[in-house]
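# Commentary on secondary and tertiary structure
So the chains spell out like this:
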Amino acid sequence: MKIPTGNITLLFTDIEGSTKLSQDFPEKMQAALNTHHSILHKAIETNNGFVFQIIGDAFCCAFENTDDAIKAAADAQIKLSDEEWDETVIRVRMGIHSGNVEWNGKSYMGYITLARTHRVMSAANGGQVIVSNDSYEIAKYKVDPEISFRDLGDRRLKDLIQPLKLFQLISSNLPSDFPPLKTLDARPNNLPVQLTSFIGRENEITDLKKLLSDTKLLTLLGPGGTGKTRLAVQVGADMIDDFENGVWIVELASLIDPNLLTQSVTEALRLKEHSGITPEKLLYDHLKDKKIMIILDNCEHLIDACAVLAEKLLQNCPRLKIMVTSREALRCGGELIHKVLSLSHPDPKIKVEPEILVQYEAVRLFIERAIAVNPGFRVNNDNAAALAQICYQLDGIPLAIELAAVRTKVLSLENICKKLSDRFRLLTGGKRTALPRQQTLRALIDWSYDLLSDKEKILWRRLSVFAGAWTLDAAEEVCSDENLDQEEILDLVNNLTEKSIVLFSGTNDNYKMLETIRQYGDEKLKESGETKSFYTKHLSYYLNLCEGAIPELSGTNAKKWFNKFEEFYPNIQTGLNWSVENNLKEEGLRLAFSMGKFWELRGHFTEGRNWFDKLFTETENVPRDIVANSKGAAGILAIHQGQYDESEILIEDALKIFKETGNQKGIANSLNSLGLNAVDKSDYKKAKEYLYESLKLRREINHRLGICSTSNSLGLLFLIEGDFVNAKKYWEETLEISLEINDSMYEGIAYSNLAQIYDNLGDLQKSKEYFEKGLQLDRELGNKNGICISLFNLGNVAYLSGDYILSRQLYDESLALSKETGYLQATLYALTGLGQTSLAEKEYVIAENIFKESLMLQKNFIDLQCSVISIIGIAEIKDHNGQSELAATLISGVKCKYESVGAFFDKNLQSQSDVIMNSVIKQIGEAKTEAAVEKGKTMLYEKIIELAQEDNP
């Protein structure tokens, strides 16, 4: 059927008391639910309805025509009423509302309409159908003559937005008398009408209701702008049926004198003063026997007075509950604290489609508020990334999101995103009716800043040098000076945490500030003239931390330190940026070098190269060994990017410097790197010279990790040459030393490499066992390079075993990770594996496209193994398509290339080429085959690659 979209009518249903029925009649409830579902499906579908979601026993349905929705509800209620239920009497409440929604292919977008329909339904009693005025106005003259409507008047729904006139559906076949509607006006309250709908936090509201059922004092704690007030009011509205004397909010933001606090509460409760009775007695007398909830909103500037009043009230009023919103806890007996965090928001580093993006609360809020000021606003594939970045940059803070959404009237999402670096100028223009501090983001944070002591202000601005997470040790080291003793910082950090300026994670004992809070502090740091001093101290701290960790990156503590680098990486980036901008090249290069192995293992090749490139200018005054170390590290990253010529230049520069300074370890490292580079460039003779020289030097200086590394490189070289005996010998040495020095990275590499020996010997079981050991070690260390290669190797095992479903899955996983990190060689490996799998499944077009993609990616360099696999695969396809002469030429060309460099044609490639050549001879005869082979022998390998990529008829 056609899915209704645009201005449509929704019907939501829910079984009244379903939880209790399930508890009382567990054996009969399923049969009753089956009957219920059958009745609803039939009534909806026969009236042209579309059931787009079923949540438990609740149906969510859409109709193109309002009268169809009303008829479906009436039919369903009549059928439900006529059913014989035994003990499990099913009574369904239903709500009908019309509004604008859009179908995105998976679900409806239009949160206000969806939420309002749910609220209309929630106001009904079991067996009752409630229709909103929006639906009534459309259908009142067209509906079935047996159906009429009873005007229930303007009612306040628990969504707190403007009252809505409601109607009850009346039919002679249905009961017409029901208890009062479950709306806000059924209980006394002063909850303010909201101009916009409440979005998100569904799970949080459920949690808060449970907390309030178990406690008398609940404090919602969080930074300004996180939506504490709106959340508290919404929880109060949802729970109003539990309080016969209502829910009342006391707004304290504009109250200055704490002595007037009690009077403010009595005024909010609409209590009239009496001569001779103090406000305190009036309040206690009124509340002592009332079942009532009071919300004390924005208590932070009156924290002591609020704490005293709350404690006294709760001691004297046994049925009273108090909910507090504040940036600081009251510290009363029995107080439960709930930290109100930002709305869920996407990580912009992870690309998501628009329909997935709207699952995040911050995104939904932005969209709804943007549509309110710009009805034509839409999220699509072009602007989804910018929207994700906006919500991330604004930390999911509701106020910030709303202020940014207003800007869609005049700015594109991309431009809003660009201007967020000056967010305090951008995010203005809030509601004129809001308190002044809530009209702009800066004013809101000014409010928090002004409430602090002088030393708390000093620490806030100094802490702004930290990006992301930081430790107490870091804060004590970086932020202290003659004006702020190191011993004071613990208490001051604690104060800022209690006041919701700083956030603490007990999981890893780290602290952080929301980015908006941090940027505010950074502005204050600039105003104080302390920027240079404290950013330089910050750089020095992380430089010492990272340099001190270098020896730990190759032992039992490696995983811990790599994870620590990941955890504090934004601070390391900040330090590198400061060194670049302030010409602190020595410090910057030292920090970059200390991060080299992290960048290599965690796949940050491009970023690492970018930092090195920025730091390599104007290094005349930097100690030469520091420059050489950095060039060597940059060269290794270039190898992983497939930039072999650039890598060779960098490493040769490093080698030259090390020879000048007599740095034997540096010389050996450079020779090993040049050897690896030569292997990848298929210059095996030169590679062997470099690697033997490196190994000799490393044995002389007894550099165990270095010996481990070069032995591994030589094993790789011998495997390429088909010398399994020597390859196995060197890799066993790699494994032995890695176990001796507790280096899990080389242990994982050694297992994976030894597995290749067993693979070539045909022992797939042993090969799989070793590959899995390698993958496990790679995952534990977070070695993304190793994970890419291990997944590819396991894919090969599955492919050779004929399990093409598993091989494709493993190759796909390897490809996704290699593309994420920019590890080009692993990308090529994964593509060749996918091509071979498609070829084995006779998906010739798909296979040829994959092989050609692999060859295209090698336009700036040639990976011999991957290019040969791709060309042989294409040759098989050409032969299958009747182009047997071309197939023979391609096979001949790759064999000549292998022979010219001394590489080994492994048994699987040899078997595949033999099958192709036998087929060629059968198709075109020996003479034509021989001519095609001779043609291949005379062609340059680059021409063979071009020939394979051509779209031959």
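As a starting point, this report considers the structure included with it. (Residues numbered from 1 in each chain as written. Predicted model: local features only at pLDDT ≥ 70, side-chain atom pairs only at ≥ 80, totals over all residues. Heavy atoms only, no water.)

### With respect to the overall build of the chain
When helices and strands are counted, the chain shows 43 helices and 15 strands. Judged by the C-alpha coordinates and their principal axes, the chain covers about 110 × 80 × 55 Å. For the chain, the share of sequence-separated contacts (at least 6 apart) that also reach a separation of at least 24 residues comes to 69%. Of the roughly 41200 Å² that the chain leaves accessible, carbon and sulfur atoms contribute 49%. Taking the 107 positively charged and 136 negatively charged side chains of the chain as two groups, their mean positions are separated by 3 Å. (Helix = DSSP H or I, 4+ residues; strand = E, 2+ residues; numbered from the N terminus. Contact = heavy atoms within 4.5 Å. Areas by Shrake-Rupley, 256 points an atom, 1.4 Å probe, with all protein chains shown as cover. Lys, Arg positive; Asp, Glu negative; His and termini not counted. Charge placed at Lys NZ, Arg CZ, Asp CG, Glu CD.)

### What to know about helix α37 (residues 804-821)
The terminal C-alpha atoms of α37 lie 26 Å apart, and with 18 residues this matches the ideal 26 Å at 1.5 Å per residue to within 8%. Along α37, the residues that are buried comprise Ser-807, Leu-810, Tyr-811, Ser-814, Leu-815, Leu-817, Ser-818 and Thr-821. Those residues of α37 hidden inside the fold are in contact with α27 (605-615), α36 (784-800) and α38 (824-840). (Expected span 1.5 Å × (residues − 1). Buried < 20%, exposed > 50% of the residue type's maximum accessible area, 1.4 Å probe, protein only.)

### Examining the sheet that holds strand β12 (residues 320-326)
In space, the five strands of this open sheet follow the order β10-β11-β12-β9-β13, with parallel pairing throughout. Every other strand in the sheet has two partners, leaving β10 (247-251) and β13 (335-339) as the edge strands with one partner each. Taken over all neighbouring pairs, the strand axes of this sheet differ in orientation by 20 degrees on average, direction set aside. Direction of pairing for strand β9 (residues 217-221) relative to β12: parallel, over a ladder of five bridges. (Pairing = 2+ DSSP bridges. Axes fitted to C-alpha atoms, helices over the stretch in contact; angles between N-to-C directions.)

### Details of the nonpolar core
Judged by nonpolar contacts, the single largest core of 199 residues is most densely connected at Phe-366, Trp-460, Leu-463 and Trp-599. For this core, the element with the highest residue contribution is helix α40 (residues 864-880), accounting for nine residues. If we skip the residues at most four places from it in the chain, Leu-463 touches Trp-470, Ala-475, Cys-479, Leu-496, Val-502 and Met-513. Counting 35 residues, the second largest nonpolar core, distinct from the first, contains Ile-39, Ile-44, Ala-139 and Phe-149. (Core = buried A, V, L, I, M, F, W, Y, C linked by side-chain atoms within 4.5 Å.)

### Let's talk about the packing of helix α41 (residues 884-901) against helix α42 (residues 907-938)
Across the interface, α41 lies against α42 with an axial gap of 7 Å and an inter-helix angle of 105 degrees. Classified by the angle between their axes, α41 and α42 sit roughly perpendicular to one another. (Parallel < 35°, antiparallel > 145°, perpendicular 65-115°, else oblique.)

### Things to note about the side chain of Asn-190
By the secondary structure assignment, Asn-190 is in the loop between β8 (164-171) and α6 (202-214). A distance of 2.8 Å separates a polar side-chain atom of Asn-190 from the backbone nitrogen of Ile-249. Polar side-chain contacts of Asn-190 include one of 3.5 Å to the backbone oxygen of Ala-268. Among all residues touching Asn-190, those that are not within four sequence positions of it are Val-247, Trp-248, Ile-249, Ala-268 and Arg-270. (Polar contact = N/O pair within 3.5 Å; in protein donor to acceptor, adjacent residues only side chain to side chain.)

### Details of the pattern of salt bridges
Where charged atoms from two side chains of opposite charge come close, those side chains can pair. One pass over the structure, following the stated rule, counts 51 salt bridges. A salt bridge links Asp-214 to Lys-210, with the nearest nitrogen and oxygen atoms 3.8 Å apart. Of this pair, Asp-214 and Lys-210 both sit in helix α6, four residues apart, roughly one helical turn. With respect to burial, Asp-214 and Lys-210 carry one shared label: exposed. What you see here is one network of salt bridges that share partners, running through Arg-461, Arg-462, Asp-481 and Glu-530. (Salt bridge = Lys/Arg side-chain N within 4 Å of Asp/Glu carboxyl O.)

### Description of the environment of Thr-13
Take Thr-13: it is sitting in strand β1 (residues 6-15). Note: C-alpha distance between Thr-13 and Leu-40 (27 residues apart in sequence) is 9.2 Å. Not counting residues within four places of it along the chain, the set of residues in contact with Thr-13 comprises Leu-40, Asp-57, Ala-58, Phe-59, Val-92, Arg-93, Met-94 and Met-121.

### Section: the environment of Asn-583
Mapped onto the fold, Asn-583 is located in the loop between α24 (569-581) and α25 (585-594). In sequence terms Asn-583 and Val-933 are 350 residues apart; their C-alpha atoms lie 60 Å from each other.

### Notes on the packing of aromatic side chains
Overall, the coordinates contain 31 aromatic pairs when judged by the stated rule. Geometrically, the ring pair formed by Tyr-541 and Tyr-542 is edge-to-face, given 5.0 Å between the ring centres and 85 degrees between the ring planes. Residue classification places Tyr-541 among the buried residues on the basis of a relative accessible area of 17%. Where Phe-612 meets Phe-616, the ring centres are 5.8 Å apart and the plane angle is 15 degrees; that geometry is what we call stacked. Both residues of the pair, Phe-612 and Phe-616, count as buried. Ring pairs connect the aromatic residues Phe-466, Trp-470, Phe-504, Tyr-511, Tyr-541, Tyr-542 and Phe-568, which therefore count as one cluster. Of note, Lys-766 hangs over the ring of Tyr-758, and the distance from its end group to the ring centre comes to 5.9 Å. (Phe/Tyr/Trp six-rings, centres within 6.5 Å; stacked < 30°, edge-to-face > 60°. Lys NZ or Arg CZ within 6 Å of the ring centre and 35° of its normal.)

### Considering the pairing of strand β3 (residues 58-63)
When you tally the buried positions in β3, you get six out of six residues, the bulk of the element. With four bridges connecting them, β1 and β3 associate as antiparallel partners. Bridging across to β3, Thr-9 finds its partner in Phe-63. Sheet topology places strand β2 (residues 49-55) next to β3; six bridges connect them, and they run antiparallel. Looking at β3, one finds that Phe-50 is bridged to Ala-62. Connecting the antiparallel pair β2 and β3 is a turn made up of two residues, with Gly-56 showing a positive phi of about 65 degrees.

### Some thoughts on unusual backbone geometry
Unusually for a residue other than glycine, Glu-618 sits at a positive phi of about 55 degrees. Along the chain, the position of Glu-618 falls in the loop between α27 and α28 (624-640). The class for Glu-618 is exposed, based on a relative accessible area of 55%. Positive phi is not limited to glycine here, since Lys-842 has a value of about 65 degrees.

### Some thoughts on the state of the cysteines
Under the definition given, this model contains zero disulfides. For Cys-306, which is in no disulfide, the shortest distance to another cysteine sulfur is to Cys-299 and amounts to 3.6 Å. Classification of Cys-306 as buried rests on a relative accessible area of 0%. (Disulfide = S-S within 2.5 Å.)

### Regarding the packing of helix α2 (residues 26-45) against helix α3 (residues 66-82)
Two elements in contact, α2 and α3, have axes whose closest approach is 8 Å; the angle formed by their N-to-C orientations is 150 degrees. Here α2 is positioned roughly antiparallel relative to α3, judged by the angle of their axes. Crossing of α2 over α3 shows right-handed handedness. Along the contact surface, α2 presents His-36, Ile-39, Leu-40, Ala-43 and Ile-44, while α3 presents Ala-72, Asp-75, Ala-76, Lys-79 and Leu-80. Here the residues of the contact of α2 with α3 sort into seven nonpolar, one polar and two charged. (Left-handed = near helix turned anticlockwise from the far one by under 90°. Nonpolar A, V, L, I, M, F, W, Y, C, P; charged D, E, K, R; others polar.)

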